[in-house]
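This is what each chain is made of:
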Amino acid sequence: MDPVPALDEPLKKTLGGTTAKVMAEHLDLHTVGDLLHHYPRRYAERGELTQLADIPLDEHATVVAQVADARVLRFNNGKGQRLEVTLTDGSGRLQLVFFGKSIYHHQKELLPGRRGMFSGKVGMFRNIRQLSHPAYEMLGKDSGADAVEAWANQLIPLYPACSQMESWKIAKTVDVVLASMEATDWQEVADPLPPALRRGRGLTDLPDAFRKVHRPRTKADIAEARDRLKWDEAFVLQVALARRRFADTQLPAVARRPAPGGLLDAFDAKLPFTLTDGQQKVSEEIFDDLATDHPMHRLLQGEVGSGKTMVALRAMLAVVDAGGQAAMLAPTEVLAQQHHRSITEMMGELAEGGMLGGAEQGTKVVLLTGSMGVPARRQALLDLVTGEAGIVIGTHALIEDKVQFHDLGLVVVDEQHRFGVEQRDALRSKGKQPPHLLVMTATPIPRTVAMTVFGDLETSVLDQLPAGRSPIATHVVPAKDKPHFLARAWERVREEVENGHQAYVVCPRIGDGDDDPKAARAAKQKQAEEDPEKRLPLAVLEIAEQIAAGPLKGLRVEVLHGRMQPDDKDAVMRRFSAGETDVLVATTVIEVGVNVPNATAMVIMDADRFGVSQLHQLRGRVGRGAAPGLCLLVSEAHEASPARARLSAVAATLDGFELSRIDLEQRREGDVLGQAQSGVRSSLRMLAVIEDEEVIVAAREEAVGVVADDPELERFPELRTALDALLDKEREQYLDKG
């Protein structure tokens, strides 16, 4: 039996149960390997006092700084007292505050001129950045000049930490683990990089990389370690993806070639506009894939409004022409209904195959959702199993065991990140042979991210907007600092409606009480009264009521959210589409796929509560017709906060690819592998998929070569071990089923 790799050893064996428990619960670190892969966020240098002016608000930070002054102040008519300490570094100041009986102990420690490490969550009080009751460790205390000098010459690793386990405590646990590994001479650490690759790329070995990343003597040590550890992550991931691509080429599939003079030709002939060059090029790529006898695995990504649905529909029609069926999987009922409505409208009589007045070469297009009535559902199931319906559009209801197809040839997954792995796989398993797969995402993805996340899919990009699309102006509305800006926002909505247009108002929460249990809501409300920054997000039902009675009085205002009955949701969308509603107040159910060309304005309340890509998606609902679009991002976030920086970025550009880069840089790669998909932490801790493009491209080439030569990796047992460790079973399934 093979020895257990040392990296798999539980932390409690080395660190003891109590420390291991804290690390597992609060940092998700369970094994020696987890801890060694928990790299320092940055390093404090000799003489460096962290740029205090740059510390982000609302984040847990560790700073190395010097005490400028400390004073005890009284408040509450002298009944209470607090210790205020000012830290400085020449670039800015940071205040520490302590309350209670311990303040005199802290005052003795925190003497002006002394330097230390301070850790806590950064808040704002009276426009001064503040750490309340931070943990800290003074540096050089009770040490002779030599010891202080030795400390000053070190690079101090500052780790991603939490209040239960500060950076310096993590550093001490790493010391223990490194010492135990040195004692066994790192004998059981499997190096995933093949020796020839390591030599060819001039990379250090794995034990050396761990030593240098955690306990560097020089900046060159850090650079050398990072180069090596980035390669580990990039290469192991690209090997997993290359194996998946290789396995796909071994699967059988039915080639689907559209019949000349069939449904696709009839549809193209009745189109009232010309396809963009991009749509034609991408369609050709898809048709070439469909004509092969192994399954297509293609990612179709494009800007909001670039016409992805049209490309997907033409692919589905081609498969129907070839005697197969096509299924489109949508993440929500609102989106499934919207797709069904727009596709049947685009196809006209071609969507009424077998019906009176239907075209001779037409087919049936059916909708299948979980909330359909029994008779309609029974008819839809019958149409699928007999092959009467060539196209079905549905939610996860398509995946149920009862749903059977006559001959499923193509699965189109819309908004891929909303679906779990098992759901997609269950639908694909309904074909007699594996069906072709087209994944659509409206969130533009930078090239290296696509290579990393969707590396087993061929990628097509639509970056050209159809003719007739209008520009969208975006502005940040600082509601707290300038309330008259918000009043003006509502005036702009009224002006748009008076000009014959419609508007959306988007809120983060529904607000009927069910989305926030009573006790939790009361607790949050109390917290919000004490700290306005922590108030509940604004809610659809409350905002709709306020604007209908206030600034938008007299306009036809309706609400739409995910907890409404499906028929009610559909009725609201139909009225809005028909122009019978002026203002639709909604949650993010309108984020993707909703197409109302007459809607020109959007107000997003508490815009800072949404991510960059989500804001870009929401904004894409306006400017879909001939009139220009307007998007107003309402926020109470502080002007210097990261949240406001995000909003300014969205307001500054309409380029979704650029915004996705910003989004990724701000979120880091914490969920670049789609945490929602796999339920596990990302394996990317060192690799930055935007900055490390060269490494990713080179690793992909190396991985393709290794897998082509040895698909089962029989000659690379260490690499197989690393695949098991870095890509645990759940994530490997995610890649398998992508």
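Residues numbered from 1 in each chain as written. Predicted model: local features only at pLDDT ≥ 70, side-chain atom pairs only at ≥ 80, totals over all residues. Heavy atoms only, no water.

**A few points about the pairing of strand β20 (residues 599-604)**
For clarity, the threshold we go by: For each residue, the accessible area found with a 1.4 Å probe, counting protein chains only, is set against the maximum for its type, and the residue is called buried under 20%, exposed over 50%, and partly exposed in between. The way it works is that DSSP assigns letters per residue, a run of H or I at least four long becomes a helix, a run of E at least two long becomes a strand, and they are numbered from the N terminus. At least two DSSP bridges between two strands are needed for those strands to be called paired. For the handedness criterion, the strands are oriented away from the viewer, and a crossover whose path from the first strand over the helix to the second runs clockwise is classed as right-handed.
Counting buried residues in β20 gives six out of six residues, a clear majority hidden from the surface. The pairing of β20 with strand β21 (residues 629-635) spans four bridges and is classified as parallel. Opposite A601, over in β21, you have L630 as the bridge partner. Crossover β20 to β21 through helix α21 (residues 612-619) is right-handed.

**A closer look at the side chain of H340**
The line we're drawing: What qualifies as a polar contact is a pair of N or O atoms within 3.5 Å, subject to a donor-acceptor requirement within protein and to the restriction that residues adjacent in sequence count only when both atoms come from side chains. Contacts between residues were defined by any pair of non-hydrogen atoms, one from each residue, lying within 4.5 Å.
Within the fold, H340 resides in helix α13 (residues 333-347). From its side chain, H340 meets the backbone oxygen of V365 in a polar contact 3.1 Å long. Beyond its immediate stretch of four places on either side in the chain, H340 contacts V365, V366, L367 and I393.

**Notes on the nonpolar core**
Inclusion rule: By nonpolar core we mean a set of buried residues, namely Ala, Val, Leu, Ile, Met, Phe, Trp, Tyr and Cys, connected to one another through side-chain atoms within 4.5 Å.
One finds W231 and F235 to be the most contacted residues of the largest nonpolar core, which totals 56 residues. Of all the elements, helix α9 (residues 219-250) adds the most residues to this core, at nine residues. When near neighbours in sequence (up to four residues on either side) are disregarded, F235 contacts P192, L193, P194, L197, A699, E702, A703, V706 and L719. Counting 40 residues, the second-largest nonpolar core is a separate cluster that includes L271, L317, A318 and A326.

**As for the confidence of the model for the chain**
Under the convention used in this document: The predictor rates its confidence in each residue with pLDDT, a number between 0 and 100.
Looking at the chain as a whole, its pLDDT mean stands at 83, while 85% of the residues score no less than 70. Here residues 669-681 is modelled with pLDDT under 50, and outside its nearest four sequence neighbours on either side it reaches 41 contacts, counting other chains as well. In this model, residues 734-738 is a region of pLDDT below 50 whose contacts with residues beyond four sequence positions or in other chains number 26 contacts.

**Describing the sheet that holds strand β19 (residues 583-586)**
Defined as follows: Axes here refer to lines fitted to C-alpha atoms; in helices the fit is confined to the stretch in contact. Angles between the N-to-C directions go from 0 to 180 degrees.
Here we have six strands laid out as an open sheet, ordered β16-β21-β20-β17-β19-β18, and parallel in their pairing. Unpaired on one side and paired on the other, β16 (472-478) and β18 (557-560) mark the two borders of the sheet. Across the sheet, the mean angle separating the axes of adjacent strands is 20 degrees when strand polarity is ignored. When β16 meets β21, the two strands line up parallel, connected through seven bridges. Paired with I472 across the strands is G629, a residue of β21. On the sheet, helix α19 (residues 540-549) packs against β17 (502-506), β18 and β19 and is oriented at approximately 150 degrees with respect to β19.

**Some details on the environment of D582**
Residue placement: D582 occurs in the loop between α20 (566-577) and β19. Residues D582 and Y504, spaced 78 residues apart in sequence, show a C-alpha to C-alpha distance of 8.6 Å. Setting aside its immediate chain neighbours within four residues, D582 contacts V497, Q502, A503, L555, R556 and F576. There is a polar contact of 2.8 Å between the side chain of D582 and the backbone nitrogen of R556.

**Some points on the sheet that holds strand β15 (residues 458-462)**
On the basis of which strands lie adjacent, the open sheet formed by seven strands has the order β11-β12-β10-β13-β14-β9-β15 and parallel pairing. The open sheet has two free edges, formed respectively by β11 (364-368) and β15, since each of these has just one partner strand. The average angle at which neighbouring strand axes cross in this sheet is 20 degrees, direction not considered. Examined bridge by bridge, β11 and strand β12 (residues 389-394) share five bridges and lie parallel to one another.

**Brief notes about the packing of α9 against helix α25 (residues 693-709)**
For the record, the criterion: Roughly parallel refers to an angle under 35 degrees, roughly antiparallel to one over 145, roughly perpendicular to one between 65 and 115, and oblique to any angle outside these ranges. Crossing handedness is defined as follows: a turn of the near helix away from the far one that is anticlockwise and smaller than a right angle gives a left-handed crossing, while the clockwise case is right-handed. Only Asp, Glu, Lys and Arg are considered charged, only Ala, Val, Leu, Ile, Met, Phe, Trp, Tyr, Cys and Pro nonpolar, and every remaining residue, Gly among them, polar.
α25 packs onto α9 with a crossing angle of 45 degrees between their chain directions and a minimal axis gap of 8 Å. Our classification of the angle between α9 and α25 gives oblique. Our pair here, α9 against α25, has a crossing hand that is right-handed. Every residue of α25 that contacts α9 at K230, W231, A234, F235, Q238, V239, A242, R243, R245 and F246 is listed here: V695, I696, A698, A699, R700, E702, A703, V704, V706 and V707. Grouping the amino acids of the contact of α9 with α25 by side-chain chemistry returns 14 nonpolar, one polar and five charged.

**Digging into the packing of aromatic side chains**
Test applied: Stacked, tilted and edge-to-face are the three classes applied to pairs of Phe, Tyr and Trp rings, where Trp contributes its six-membered ring and a pair requires centres within 6.5 Å; stacked means planes under 30 degrees apart, edge-to-face means over 60, and tilted covers the rest.
Scanning all chains against the criterion turns up five aromatic pairs. When the centroid spacing of 6.1 Å and the interplanar angle of 80 degrees are considered together, the rings of F98 and Y136 count as edge-to-face. Taken as a pair, F98 in strand β4 (residues 93-99) and Y136 in strand β7 (residues 135-138) lie far apart in primary sequence, 38 residues in all. In this structure F98 comes out as buried when scored by relative accessible area, which is 1%.

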